[in-house]
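Architecture at a glance
What follows is each chain in one-letter form.
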Amino acid sequence: MKKLIDMIAAARKPVFFTGAGVSTLCGIPDFRGPSGVYRDPDAARMFEIDLFDADPSFFYRKADALVYGGDDVKPGPVHEALVALQRAGKCAGVVTQNIDGLHERAGSSPVFAVHGSAALHHCRRCGDEKTYDEIRAIRGGVPGAVPRCARCGGVYKPDITFFGEALPEKAFSGAVALAGSADLVVVLGSSLVVHPAAAIPPLCLRSGGALAIVNRGETPLDGLASFRADDLEEFAAAASAFAAANG
Ligand SMILES: [Zn+2]
């Protein structure tokens, strides 16, 4: 892990790409893992846009544990480590596949959530915008409650990219530009199998940047990585210690 910290210390523009492993450390269930949410065929439908528009209560019932866990779901050690690195000038931005909005809540900036995120919600009818905390307040902790717009009565939907929706263009193009201009991309907790997001980290290689991967289990890009490790918690501890000494 010292080698990775040295790489980050030497990098001019280190960028971090995060996946489910970073969130499962905070108790958020994985989607595709062995005990993943998608093993429940019912739950897999919660992110279908047609179903959301027909019956938003289905999503809000299923999403309580996953998205609106509230005080039980807080930024974890990797989220905090990336904020500390940012303060030390060693995190130029975060690209995440996660939809929980935890990087944003932890204070990282910029964050490009390439599958969207629950950090913001919009009214399906009038487009009114609400933050995650505002939506939690509107729902009032009632299980399955559907948050409705006070202006028009429409339903708020999180800016998570649902099946049947286009990927968030601004976040995606921002992520591509960030990774393409990075001299180091560190992959944290992603098995790099979900496309097109998985094509983002190796963009740094084209301009001579380096790729590092910390993930429990193999990834298809391991052969391209200058550094490879398994343990995210070890990374978080080492990165936080480095940032504390250099912040
Ligand atoms: Zn509205």
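In short, a report on the structure. Each residue is numbered by its place in its chain's sequence as written, counting from 1. Local features in this predicted model are restricted to residues whose pLDDT is 70 or higher, and side-chain atom pairs enter the listing and the counts only when it is 80 or higher, whereas totals over whole chains, interfaces and linings include all residues. The basis for the side-chain values is all heavy atoms of the structure; hydrogens and waters are excluded.

1. Some words on the coordination of the zinc ion
For clarity, the cut-off: Coordination here is defined by N, O and S atoms within 2.8 Å of the metal (3.2 Å for Na, K and Ca), and since water is not considered, a site can look incomplete. Note on geometry labels: four donors, all angles 85 to 135 degrees, give tetrahedral; four donors become square planar and six octahedral when opposite donors are over 155 degrees apart and every other angle is between 65 and 115; remaining cases are irregular. Here a helix means four or more residues in a row that DSSP labels H or I, a strand means two or more in a row labelled E, and each is numbered from the N terminus. Partly exposed residues are those whose accessible area sits between 20% and 50% of the maximum for their type, while under 20% is buried and over 50% is exposed, using a 1.4 Å probe and protein chains only.
Taken together, Cys123 (SG), Cys126 (SG), Cys149 (SG) and Cys152 (SG) make up the full set of protein donors to the zinc ion, lying 2.3 to 2.4 Å away. Taken together, the four donor atoms surrounding the zinc ion define angles of 96 to 117° at the centre, an arrangement classified as tetrahedral. Sequence spacing among the residues donating to the zinc ion works out to C-x2-C-x22-C-x2-C. Within this pair, whereas cysteine 126 is found in the loop between β4 (116-123) and β5 (129-131), its partner cysteine 149 is found in the loop between α8 (132-139) and β6 (156-160), the two being separated by 23 residues in sequence. Given the relative accessible area of 34%, cysteine 126 is considered partly exposed. The buried category is assigned to cysteine 149, whose relative accessible area is 4%.

2. So, the pattern of salt bridges
Where charged atoms from two side chains of opposite charge come close, those side chains can pair. Selection rule: Here, a salt bridge means any Lys or Arg side-chain nitrogen found within 4 Å of an Asp or Glu carboxyl oxygen.
Taken as a whole, this structure holds ten salt bridges when the rule is applied. One salt bridge connects lysine 2 with aspartate 6, and the closest N-O pair in it is separated by 2.9 Å. Taken together, the residues lysine 2 and aspartate 6, both in helix α1 (residues 2-10) and four residues apart, mark about one turn of the helix. Given a relative accessible area of 60%, lysine 2 falls into the exposed group. Exposure remark for aspartate 6: the relative accessible area of 38% places this residue in the partly exposed category. Of the charged contacts, one joins lysine 130 and aspartate 128 as a salt bridge, the two residues approaching to 2.9 Å between their closest N and O atoms. With a relative accessible area of 13%, aspartate 128 lands in the buried category.

3. As for α1
Quick reminder of the rule: The reported arc concerns the directions from the helix axis to the C-beta atoms and nothing else. Residues are treated as being in contact if the distance between any of their heavy atoms lies within 4.5 Å.
Where α1 is concerned, the buried positions are Leu4, Ile5, Met7 and Ile8. Viewed end-on, α1 has its buried residues packed into an arc of 155°, placing them on one side of the element. Along α1, the residues that are exposed and aim more than 90 degrees away from the buried face are Lys2 and Ala10. Where α1 is buried, its residues meet β1 (14-18), α6 (77-87), β7 (184-188), β8 (210-214), β9 (227-229) and α11 (232-246).

4. Focus: the packing of aromatic side chains
Each aromatic ring pair is characterised by the separation of its centres together with the angle its planes make. Using the following cut-off: Here the aromatic set is Phe, Tyr and Trp, taking the six-membered ring for Trp, and pairing holds for ring centres within 6.5 Å; pairs whose planes are under 30 degrees apart are stacked, those over 60 apart are edge-to-face, and all others are tilted.
Under the definition given, this model contains ten aromatic pairs. Consider the rings of phenylalanine 47 and phenylalanine 162, whose centres lie 5.4 Å apart with planes at 90°: the pair is edge-to-face. Taken together, the residues phenylalanine 47 in the loop between α3 (41-44) and α4 (49-54) and phenylalanine 162 in the loop between β6 and α9 (169-180) connect sequence positions 115 residues apart. Here phenylalanine 47 and phenylalanine 162 have matching classes, each one buried. Arranged with centres 5.8 Å apart and planes meeting at 35°, the rings of tyrosine 60 and tyrosine 68 form a pair that is tilted. Take tyrosine 60 and tyrosine 68: they sit in the same class, and that class is buried. Joined through ring pairs, the aromatic side chains of Phe47, Phe52, Phe59, Tyr60, Tyr68, Tyr132 and Phe162 make up one cluster.

5. Examining the layout of surface pockets
Heads up, the condition is: The rule is simple: put a 1 Å grid over the protein atoms alone, call a set of points where a 1.4 Å probe fits but cannot get out a cavity, call an open set with protein on both sides within 12 Å along at least five of seven lines a pocket, and count a residue as lining if it has an atom within 4 Å of a point. Grid points are joined across faces, edges and corners, and a volume is the space filled by probe spheres set on the points. As a working rule, the residues Ala, Val, Leu, Ile, Met, Phe, Trp, Tyr, Cys and Pro are called nonpolar, Asp, Glu, Lys and Arg charged, and the rest polar, with Gly in that last group. Residue ranges assigned to the domains are those given by an automatic or database domain assignment.
Computed from the structure, the second largest pocket encloses a volume of approximately 340 Å³. If you trace the second largest pocket, you find 14 residues lining it, with Val111, Ala113, Pro168, Lys170 and Ala171 closest to the centre. Of all elements in the fold, only β3 (111-113), β4 and α9 reach the threshold of two or more residues within the lining of the second largest pocket. Take the lining of the second largest pocket: its biggest share by element is four residues, from β4. Residue classes in the lining of the second largest pocket are distributed as eight nonpolar, two polar and four charged. Of the domains in this structure, domain 1 (1-28 + 74-115 + 167-247) and domain 2 (29-72 + 118-160) are the two that each give at least three residues to the lining of the second largest pocket.

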